[in-house]
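# Remarks on the overall topology
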Amino acid sequence: MVLLILPVRNGQADERHRPTSRDKPRPRGVSEPNPRLLTSAEAADFLTLEESTLRDCSRRGIVPSVKIGRHLRFVEADLVGYLDGLRRSFQDPNGTRVW
């Protein structure tokens, strides 16, 4: 339970200090209201990896993931960002591919 104390002026609460739904902080790393969550099997298929390889990379912090209870999930937008980062890492400063 949260107790909210608002300043009172002339017997009425000041409307400027009343929290709104816009004031609620978003969880860290969430950029959209309802991110698409993938299971490890779906994420491995998306990244064309073996599921065991993906879980190992997630455990070592290479691929971004979230734990929901005891379940491992992957945010689709984070995986796209991870792939973009890989693509950028294989380009030299002039924008040409290294390989």
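Summary of the structure given here. A quick note: this is a predicted structure, and the numbers were derived from the prediction, not measured. (Residues numbered from 1 in each chain as written. Predicted model: local features only at pLDDT ≥ 70, side-chain atom pairs only at ≥ 80, totals over all residues. Heavy atoms only, no water.)

### Considering the pattern of salt bridges
Here is the rule we go by: The term salt bridge refers to a side-chain nitrogen of Lys or Arg lying within 4 Å of a carboxyl oxygen of Asp or Glu. Where helices and strands are cited, they refer to DSSP runs of H or I of at least four residues and of E of at least two residues respectively, numbered from the N terminus. Only protein chains enter the accessibility calculation, which uses a 1.4 Å probe. A residue is then buried if its area is under 20% of the maximum for its type, exposed if over 50%, and partly exposed in between.
Summed over all chains, the structure comprises five salt bridges. Among the salt bridges present, the one from E76 reaches R36, with a minimum N-O distance of 3.1 Å. Within this pair, whereas E76 is found in helix α3 (residues 76–89), its partner R36 is found in the loop between β2 (12–13) and β3 (37–38), the two being separated by 40 residues in sequence. The class of E76 is partly exposed, set by a relative accessible area of 24%.

### Observations concerning the environment of H71
Mapped onto the secondary structure, H71 falls in strand β5 (residues 71–75). Placed 32 residues apart in sequence, H71 and T39 show a C-alpha to C-alpha distance of 8.4 Å.

### Comments concerning the side chain of S40
Worth spelling out the cut-off: Here a residue-residue contact requires only that any non-hydrogen atoms of the pair lie within 4.5 Å.
Along the chain, S40 turns up in helix α1 (residues 40–47). Discounting residues that sit within four places of it in the chain, S40 has contacts with E51, L54, R55, L72 and F74.

### Focus: the nonpolar core
As a reminder, the rule being used: Within this scheme, the nonpolar core is defined by two criteria: the residues are buried Ala, Val, Leu, Ile, Met, Phe, Trp, Tyr or Cys, and they are joined through side-chain atoms within 4.5 Å.
Among the nonpolar cores identified, the biggest contains ten residues, and these are L38, A43, A44, L47, L54, C57, V63, L72, F74 and L79. Of all elements in the fold, only α1, α2 (51–59) and β5 reach the threshold of two or more residues within this core. At three residues, the largest contribution of residues to this core is made by α1.

### Here's the deal with the pairing of β5
Test applied: Criterion used throughout: strands pair if DSSP finds at least two bridges between them.
Sheet analysis places β3 next to β5, joined by two bridges and oriented antiparallel. Each residue of the ladder has a partner; that of L37, found in β5, is V75. Here strand β4 (residues 66–68) runs beside β5; their pairing, made up of three bridges, is antiparallel. Bridge assignment links V66 to a residue of β5, and that residue is R73. As consecutive antiparallel partners, β4 and β5 are separated by two residues, and within that stretch G69 has a phi angle of approximately 65 degrees, a positive value.

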